[in-house]
Amino acid sequence: MKIVHPPCGREWSGQRAEHCPACHETFAGTRAGDAHRTGPHDARRCVPPATAGLWQDARGLWHRAPYRDR
Ligand SMILES: [Zn+2]
Ligand SMILES: [Zn+2]
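Just so it is clear, the structure is predicted and the values come from calculations on it, not from any experiment. (Residues numbered from 1 in each chain as written. Chains lettered and ligands numbered in written order. Predicted model: local features only at pLDDT ≥ 70, side-chain atom pairs only at ≥ 80, totals over all residues. Heavy atoms only, no water.)

**Let's talk about the environment of Thr26**
And step 1. As for its position among the elements, Thr26 is in strand β4 (residues 26-27).
And step 2. The class for Thr26 is buried, based on a relative accessible area of 6%.
And step 3. Separated by 34 residues in the primary sequence, Thr26 and Gly60 have C-alpha atoms spaced 7.1 Å apart.
And step 4. Those residues within four positions of Thr26 in sequence are excluded, and the remaining contacts are Trp12, Ala17, Glu18, His19, Gly60, Leu61 and Trp62.
And step 5. Of the polar contacts made by the side chain of Thr26, one reaches the side chain of His19; its length is 2.9 Å. (Helix = DSSP H or I, 4+ residues; strand = E, 2+ residues; numbered from the N terminus. Buried < 20%, exposed > 50% of the residue type's maximum accessible area, 1.4 Å probe, protein only. Contact = heavy atoms within 4.5 Å. Polar contact = N/O pair within 3.5 Å; in protein donor to acceptor, adjacent residues only side chain to side chain.)

As structure tokens, this is what we get:
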């Protein structure tokens with residue numbers, strides 16, 4: 001199944017993948033996505049995934065290190 005996010009035109013596949021509507025990065029799962037969010041609950045913001053200690057696979061999905069989030 002392929003998913004496209006019209007605002008940024010990026011596409012990805014995988015039911016567990018999560019695309020951030022704010023910074024338009026795509027993550028392997030919810031926990032990987034959570035890892036790039038910081039700040040208090042009422043003012044959550046994104047940090048660059050690489051800064052959050054995530055790594056990006058060949059498909060462009062960000063994963064939590066060192067675990068493959070699946
Ligand atoms: Zn984000
Ligand atoms: Zn997007």
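**Focus on unusual backbone geometry**
And step 1. The backbone of His24 shows a phi angle near 60°, a positive value even though the residue is not glycine.
And step 2. By the element assignment, His24 lies in the loop between β3 (18-19) and β4.
And step 3. Relative accessible area serves as the criterion here: at 19%, His24 is assigned to the buried category.

**So, the coordination of the zinc ion (ligand 1)**
And step 1. Listed as protein donors to the zinc ion (ligand 1) are Cys20 (SG), Cys23 (SG), His36 (NE2) and Cys46 (SG); their distances from the metal cover 2.0 to 2.3 Å.
And step 2. Its four donor atoms give the zinc ion (ligand 1) angles of 101 to 115° at the centre, a pattern that matches the tetrahedral case. (Donors = N, O, S within 2.8 Å, 3.2 Å for Na, K, Ca; no water. Tetrahedral: all angles 85-135°; square planar, octahedral: opposite > 155°, others 65-115°.)

**Notes on the UniProt feature "domain: Phage FDXHR zinc binding" (unreviewed entry) in the chain**
And step 1. Following the UniProt record, one finds the feature "domain: Phage FDXHR zinc binding" (unreviewed entry) at residues 3-52.
And step 2. Taken end to end, residues 3-52 has its terminal C-alpha atoms 25 Å apart, with 12% of it in helix and 30% in strand. (UniProt positions renumbered as here; feature names shortened; annotations may be inferred.)

**Notes on the coordination of the zinc ion (ligand 2)**
And step 1. Protein-derived coordination of the zinc ion (ligand 2) comes from His5 (ND1), Cys8 (SG), His19 (NE2) and His24 (ND1), at a distance range of 1.9 to 2.4 Å.
And step 2. Considered as a linear motif, the donors of the zinc ion (ligand 2) on their single chain read H-x2-C-x10-H-x4-H. For the pair His19 and His24, one class covers both residues: buried.

**Thoughts on the sheet that holds β4**
And step 1. With mixed pairing, four strands are arranged side by side in an open sheet as β3-β4-β8-β7. Among the strands making up the open sheet, the edge pair consists of β3 and β7 (54-56).
And step 2. Sheet topology note: the β3/β4 ladder contains two bridges and is antiparallel. Residue His19 lies in a different strand from β4, and its bridge partner there is Thr26. (Pairing = 2+ DSSP bridges.)

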